[in-house]
Amino acid sequence: MSIKSLIFSTVYRFIALRRVKDHGSPIYVNRFTVLSRKTVLGTNVSFNGFRVFGTGQLTIGNNFHSGQDCMAFTSDHNYDHGEAIPYDHTSICKHIVIEDNVWLGARVLVLGGVTIGEGAIVQAGAVVVKDVPKLTIVGGNPAKVIKTRNAEHYYGLKNEGKFH
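Presented here is a report on the structure given in the accompanying data block. This one's a predicted model, so the numbers in the text were calculated from it and none came from an experiment.

**A look at the sheet that holds strand E1 (residues 22-23)**
Then, in step 1: Pairing is parallel across the open sheet formed by five strands, whose spatial order is E1-E4-E6-E10-E13. With one partner strand each, in any of the chains shown, E1 and strand E13 (115-116) form the two edges of the open sheet.
Then, in step 2: Bridge count between E1 and strand E4 (residues 39-41): two bridges; the pairing is parallel. Bridging from a neighbouring strand, Asp22 pairs with Val40 of E4.

In structure tokens, the structure reads:
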């Protein structure tokens, strides 16, 4: 890693972690990342550009990896029961849970109220609007199941402690 890359990574890490609720270690931040005060991070988490918007909690498990320019929206506008059209000034919290060993491809959007299960992979450009089962690969808009990972292989690597 060059000196310039190391400096940028250190600055990005400082910016990302200055407001988080809690985090493990190590945390890698390789591109500009903005997390909220209601973000909880596990260990061995890697961001390559990630932004959190909203008032709800984002919980990310261990060994998480994001591609470039991912976003998570942890609240929604109050349009059904609000006092104005198209929506009022209040927001509805919608927490997001991303379990252990999840990989988000580049430019993934995760909407509030979903859980992405352990070992799931979300393809680049996907929009996650509902829960993703563990060991599932999803893609598209809205994200749909493409296939399921080989559980025997996955759990073998997990048991051996082979994490990226």
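The discussion continues.
**Concerning the environment of Ile137**
Then, in step 1: When you line up the elements, Ile137 lands in strand E16 (residues 136-139).
Then, in step 2: Along the chain, Ile137 and Gln123 lie 14 residues apart, while their C-alpha atoms are 7.3 Å from each other.
Then, in step 3: Beyond its immediate stretch of four places on either side in the chain, Ile137 contacts Ile121, Gln123, Lys144, Val145, Ile146, Lys147 and Arg149.

**Considerations on the pattern of salt bridges**
Then, in step 1: Applying the stated criterion to the full structure yields four salt bridges.
Then, in step 2: Two residues, Asp69 and Arg107, come together in a salt bridge whose shortest N-O distance is 3.6 Å. Residue Asp69 is found in strand E7 (residues 65-73), and its partner Arg107 is found in the loop between strand E11 (103-104) and strand E12 (109-111); the two are separated by 38 residues along the sequence.
Then, in step 3: A residue is classified by how much of its surface remains accessible, and Asp69, at 32% relative accessible area, is partly exposed.
Then, in step 4: A salt bridge links Glu160 to Lys162, with the nearest nitrogen and oxygen atoms 3.0 Å apart. Each of the two residues, Glu160 as well as Lys162, counts as exposed.

**Let's talk about the pairing of strand E5 (residues 45-53)**
Then, in step 1: Among the nine residues in E5, seven count as buried, and that is most of the element.
Then, in step 2: Where strand E3 (residues 33-34) lies against E5, two bridges are found, and the strand directions are parallel. Residue pairing for E5: Thr33 is matched across the bridge by Phe50.
Then, in step 3: Pairing of E5 with E7, which is carried by six bridges, proceeds in the parallel orientation. Along E7, the bridge assignment pairs Phe50 with Cys70.

**As for a nonpolar patch on the surface**
Then, in step 1: The grouping of Ile3, Ile7 and Val11 at the surface amounts to a nonpolar patch, some 290 Å² of accessible area in total.
Then, in step 2: Tracing the backbone shows Ile3 in helix H1 (residues 3-17).
Then, in step 3: Its relative accessible area of 62% is what places Ile3 among the exposed residues.

Procedures and definitions
Residues numbered from 1 in each chain as written. Predicted model: local features only at pLDDT ≥ 70, side-chain atom pairs only at ≥ 80, totals over all residues. Heavy atoms only, no water. Pairing = 2+ DSSP bridges. Helix = DSSP H or I, 4+ residues; strand = E, 2+ residues; numbered from the N terminus. Contact = heavy atoms within 4.5 Å. Salt bridge = Lys/Arg side-chain N within 4 Å of Asp/Glu carboxyl O. Buried < 20%, exposed > 50% of the residue type's maximum accessible area, 1.4 Å probe, protein only. Patch = residues over 30% accessible without salt bridge, like charges linked within 9 Å, V, L, I, M, F, W, Y side chains within 5 Å. Areas by Shrake-Rupley, 256 points an atom, 1.4 Å probe, with all protein chains shown as cover.

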